[in-house]
Amino acid sequence: MKLIGIVPRAAGRRWATARIKTYAQFNEGMISMAFTLALGAKAPDFKLPATDGKTYKLADFDRFTTLVVFFTCNHCPYVIGSDESTRQTAAKYSNEGVGFVGINSNSVNTNPQDSFEGMVARMEHHKFPWVYLHDATQQVAVAYGALRTPHFYVFDADRRLVYTGRALDNPRVAAESTVNDLERALDEHLAGKTVSVPLTNPIGCNVKWEGKDAHWMPAEACDLVLPK
């Protein structure tokens with residue numbers, strides 16, 4: 001399997017440009033844009049450095065029967081506002097074979113706060129219970145179709161996608177949230193059920209793309225679920 005993450009920057013840009021020129025797919029009355037990984041798709045592999053000094057591939061998390069991959073960063077208020085809720089969720093399911101992996105794909109040139117050094121400092125301060133990976137080339141963000149921070153992906157034991165979207169309906173002020181879609185998806189999946197709401201719109205800051213305005217998003221990167 002081809003690994004994504006540590007490649008020459010020029011090659012990464014060509015690959016990313018090719019990847020986003022895709023088409024819309026429709027799922028059960030909801031519009032799932034092909035920019036984001038489709039339900040049932042296999043988790044793309046990667047090879048990325050972490051704040052703990054190690055480099056990780058997808059296979060390094062094989063001990064987990066369910067894997068939550070989420071795109072995050074250092075500066076976004078939606079991340080900062082919900083990180084403790086994410087910590088609680090990770091702890092809640094830690095004895096049920098569920099692992100969490102955070103990935104920061106934001107361009108440091110767009111927002112210097114999202115530097116690798118900032119990642120290390122944040123993990124040292126908060127001691128979050130997940131591996132925090134750095135996607136400097138942004139290839140992994142493109143492969144997964146990350147839209148915002150935070151953006152969650154839940155994969156089953158075969159590493160097929162069973163849920164993607166938000167965790168909370170109010171991640172900026174977690175205490176005011178009324179729905180935790182991530183926990184509902186995990187509860188249903190762990191109970192052997194089909195996830196009843198497999199797609200939701202991630203709520204947060206858009207991914208900060210290299211060479212683009214801070215608020216720029218690819219044309220294909222629209223909401224996962226549109227009003228009917």
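Above this text is the structure in question.
A brief report on the enclosed structure follows.

### A closer look at the overall build of the protein chain
Scanning the protein chain from terminus to terminus reveals 5 helices and 11 strands. Counting across all 228 residues of the protein chain, residues that qualify as buried make up 51%. Put simply, of all contacts in the protein chain between residues at least 6 apart along the chain, 75% involve residues at least 24 apart. As presented, the protein chain carries roughly 10500 Å² of accessible surface, and 53% of it is formed by carbon and sulfur atoms.

### A look at helix α5 (residues 181-190)
Counting buried residues in α5 gives 7 out of 10 residues, a clear majority hidden from the surface. Buried positions along α5 lie against β5 (66-72), α2 (77-92), β6 (98-104), β9 (151-155) and β10 (161-165). At the N-terminal boundary of α5, the capping side chain belongs to Asn180, with an oxygen 3.3 Å from the backbone nitrogen of Leu182. Among the residues trailing α5, Gly192 stands out with phi positive, at a value near 80 degrees.

### With respect to the state of the cysteines
Here the structure, examined in full by the defined rule, presents 1 disulfide. Here Cys76 pairs with Cys205 through a disulfide, and the sulfurs are 2.2 Å apart. Taking the torsion about the sulfur-sulfur bond, which here is approximately 90 degrees, the covalent link between Cys76 and Cys205 counts as right-handed. Placement of the pair is Cys76 in the loop between β5 and α2 and Cys205 in strand β11 (residues 205-206), with a sequence separation of 129 residues. You can see Cys73 has no disulfide; the closest cysteine sulfur is in Cys76, sitting 4.9 Å from it. By relative accessible area, which is 0% here, Cys73 ends up buried.

### Overview of the packing of aromatic side chains
Any pair of aromatic rings gets described here by the distance separating the centres and the angle formed by the planes. This model, assessed by the stated rule, comprises 10 aromatic pairs. Ring plane angle 70 degrees and centroid distance 5.8 Å describe the contact between Phe71 and Tyr153, whose orientation is recorded as edge-to-face. Here Phe71, found in strand β5, pairs with Tyr153, found in strand β9; they are 82 residues apart in sequence, far enough to count as distant. In this structure, Phe71 and Tyr153 share a single accessibility class: buried. When the ring of Phe128 is compared with that of Trp130, the centres are 4.7 Å apart and the planes differ by 5 degrees; the resulting orientation is stacked. Comparing Phe128 with Trp130 shows no difference in burial state: the two are buried. Joined through ring pairs, the aromatic side chains of Phe70, Phe100, Phe128, Trp130 and Phe152 make up one cluster.

### Some details on the pattern of salt bridges
With the rule as written, the count across this model stands at 5 salt bridges. Arg87 is paired through a salt bridge with Glu84; the nearest N and O atoms lie 2.8 Å apart. Of this pair, Arg87 and Glu84 both sit in helix α2, 3 residues apart, which is roughly one turn of that helix. Residues Asp181 and Arg184 are paired through a salt bridge, measuring 2.2 Å at the closest nitrogen-oxygen approach. In this pair, Asp181 and Arg184 both sit in helix α5, 3 residues apart, roughly one turn of the helix.

### Examining the sheet that holds β6
Spatially, β7-β6-β5-β9-β10 is the arrangement adopted by the 5 strands of the open sheet, whose pairing is mixed. For this open sheet the edge positions go to β7 (131-134) and β10, each flanked by a neighbour on one side alone. In this sheet, adjacent strand axes meet at a mean angle of 20 degrees when their direction is disregarded. In the sheet, β9 pairs with β10 via 4 bridges, with the strands oriented antiparallel. Pairing of Tyr153 across the sheet is with Thr164, part of β10. Each of β5, β6 and β9 touches α2; the most contacted strand, β6, lies at about 160 degrees to it. The sheet strands contacting α5 are β5, β6, β9 and β10, and the helix crosses β5 at an angle near 165 degrees.

Conventions adopted
- Residues numbered from 1 in each chain as written.
- Predicted model: local features only at pLDDT ≥ 70, side-chain atom pairs only at ≥ 80, totals over all residues.
- Heavy atoms only, no water.
- Helix = DSSP H or I, 4+ residues; strand = E, 2+ residues; numbered from the N terminus.
- Buried < 20%, exposed > 50% of the residue type's maximum accessible area, 1.4 Å probe, protein only.
- Contact = heavy atoms within 4.5 Å.
- Areas by Shrake-Rupley, 256 points an atom, 1.4 Å probe, with all protein chains shown as cover.
- Polar contact = N/O pair within 3.5 Å; in protein donor to acceptor, adjacent residues only side chain to side chain.
- Disulfide = S-S within 2.5 Å.
- Phe/Tyr/Trp six-rings, centres within 6.5 Å; stacked < 30°, edge-to-face > 60°.
- Salt bridge = Lys/Arg side-chain N within 4 Å of Asp/Glu carboxyl O.
- Pairing = 2+ DSSP bridges.
- Axes fitted to C-alpha atoms, helices over the stretch in contact; angles between N-to-C directions.

Worth remembering: the numbers are spatial, not functional.
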